[in-house]
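Here is how the chains run, residue by residue.
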Amino acid sequence: MTRINANPLRSLTIALALGLAAPLAFAGSAGTATAKPAKAQSDIVDTAVAAGQFKTLAAALTAADLVDTLKGKGPFTVFAPTDAAFAALPAGTVDDLLKPENKAKLVAILTYHVVPGRYPAARVTGMDSAATVNGASVDISAANGGVTVDGAKVVKADVNATNGVIHVIDKVLIPGT
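All residue numbers refer to position in the chain's written sequence, counted from 1. For this predicted model, a pLDDT threshold of at least 70 governs which residues receive local features, and a threshold of 80 or more governs which side-chain atom pairs are given and counted, while totals over whole chains, interfaces and linings are taken from all residues. No hydrogens and no water enter the side-chain calculation; it runs on all heavy atoms of the structure.

### Let's talk about the overall build of the protein chain
A run of H or I in DSSP counts as a helix once it spans at least four residues, and a run of E counts as a strand once it spans at least two, with each numbered from the N terminus. A tally of helices and strands in the protein chain yields eight helices and eight strands. To sort residues, take the accessible area from a 1.4 Å probe on protein chains only and compare it with the maximum for the residue type: under 20% means buried, over 50% means exposed, and anything in between is partly exposed. Going through the 177 residues of the protein chain one by one, you find that 46% of them count as buried. Taking all contacts inside the protein chain whose residues are at least 6 apart in sequence as the whole, residues at least 24 apart take part in 73%. All accessible-area figures derive from a Shrake-Rupley calculation using a 1.4 Å probe, and residue coverage is judged against the displayed protein chains alone. For the protein chain, the exposed area adds up to about 8,400 Å²; of that, 56% sits on carbon and sulfur atoms. Note on contacts: a residue pair is in contact if any heavy atoms of the two residues lie within 4.5 Å.

This is the structure:
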């Protein structure tokens, strides 16, 4: 299996960008194995916002001051949790994270969803872990035709953006859990 190591200097930039990646709308489809992916027209943030399923992620990215980073050059791979994934967290968790005094914790969580570089599904399935902008690594498992990242199921892969790729996941990743 392959492991990605983040460049420490790029990690800071990517960590800031993570905040922008969360609100991205995941429009588009991975298509069939023989179909070519749709050409990206927007950056990660604008793509997520257009999808309409990432309002909580967008709010979190704004609160963490990460939007401009994810609108940057990249490339970034974002494992983006949907609004339903945020809703599944214990009651009060999101509201607590959005408080100004919890900004550092919010940034740590959001940057844990971002990997420096462009890693389409075909590459992700051959990996067992990836270093995130946060500095920690996520575990990746491919089995039975599906992929999980730290136990979160990838429900839609290869949503292309001009500065990276988004993989939609069904739960929020929390570092250290």
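Now that the structure has been shown, we can carry on.
### Quick look at the packing of helix 3 (residues 55–63) against helix 7 (residues 103–111)
Here, axes are lines fitted to C-alpha atoms. For helices the fit covers the stretch in contact, and angles between N-to-C directions go from 0 to 180 degrees. One can describe the packing of helix 3 onto helix 7 by two numbers: an axis separation of 9 Å at closest approach and a directional angle of 125 degrees. When the axes of helix 3 and helix 7 are compared, the pair comes out oblique. When you trace helix 3 past helix 7, the crossing you get is left-handed. Where helix 3 approaches helix 7, its residues L57, A60, L61 and A63 are matched on the opposing element by K103, L106 and L110. Looking at the contact of helix 3 with helix 7, its residues break down into six nonpolar, no polar and one charged. Reported orientations rely on four angle classes, namely roughly parallel under 35 degrees, roughly antiparallel over 145, roughly perpendicular from 65 to 115, and oblique for the rest. The sense of a crossing depends on the near helix, which, turned anticlockwise from the far helix by less than a right angle, makes the crossing left-handed and, turned clockwise, makes it right-handed. Here the nonpolar group is Ala, Val, Leu, Ile, Met, Phe, Trp, Tyr, Cys and Pro; Asp, Glu, Lys and Arg are the charged ones; every other residue, Gly included, is treated as polar.

### Description of the pairing of strand 8 (residues 164–169)
A large share of strand 8 lies buried, amounting to six of its six residues. Going residue by residue along strand 8, you find G164, I166 and V168 tucked away on one face and V165, H167 and I169 tucked away on the opposite face as well. Two elements, strand 2 (residues 76–81) and strand 8, share six bridges in a ladder whose sense is parallel. Bridge assignment links F79 to a residue of strand 8, and that residue is H167. Two strands are said to pair when DSSP picks up at least two bridges between them.

### What to know about the pattern of salt bridges
By definition here, a salt bridge exists when the distance from a side-chain nitrogen of Lys or Arg to a carboxyl oxygen of Asp or Glu is within 4 Å. Per the counting criterion, the structure on display carries four salt bridges. Residue D96 is joined to K99 by a salt bridge in which the shortest nitrogen-to-oxygen separation is 3.7 Å. Here K99 falls in the partly exposed class, since its relative accessible area comes to 38%. If you follow the salt bridges from partner to partner, you end up with D43, D46 and K71 in one network.

### Points about helix 3
Turning to helix 3, its buried residues number three or more, namely L57, A58, A60 and L61. Mapping the buried residues of helix 3 onto a view down its axis gives an arc of 160 degrees, with all of them on the same face. Within two residues after helix 3, D65 carries a phi angle of roughly 55 degrees, on the positive side. What the arc covers is the set of directions going from the helix axis to the C-beta atoms.

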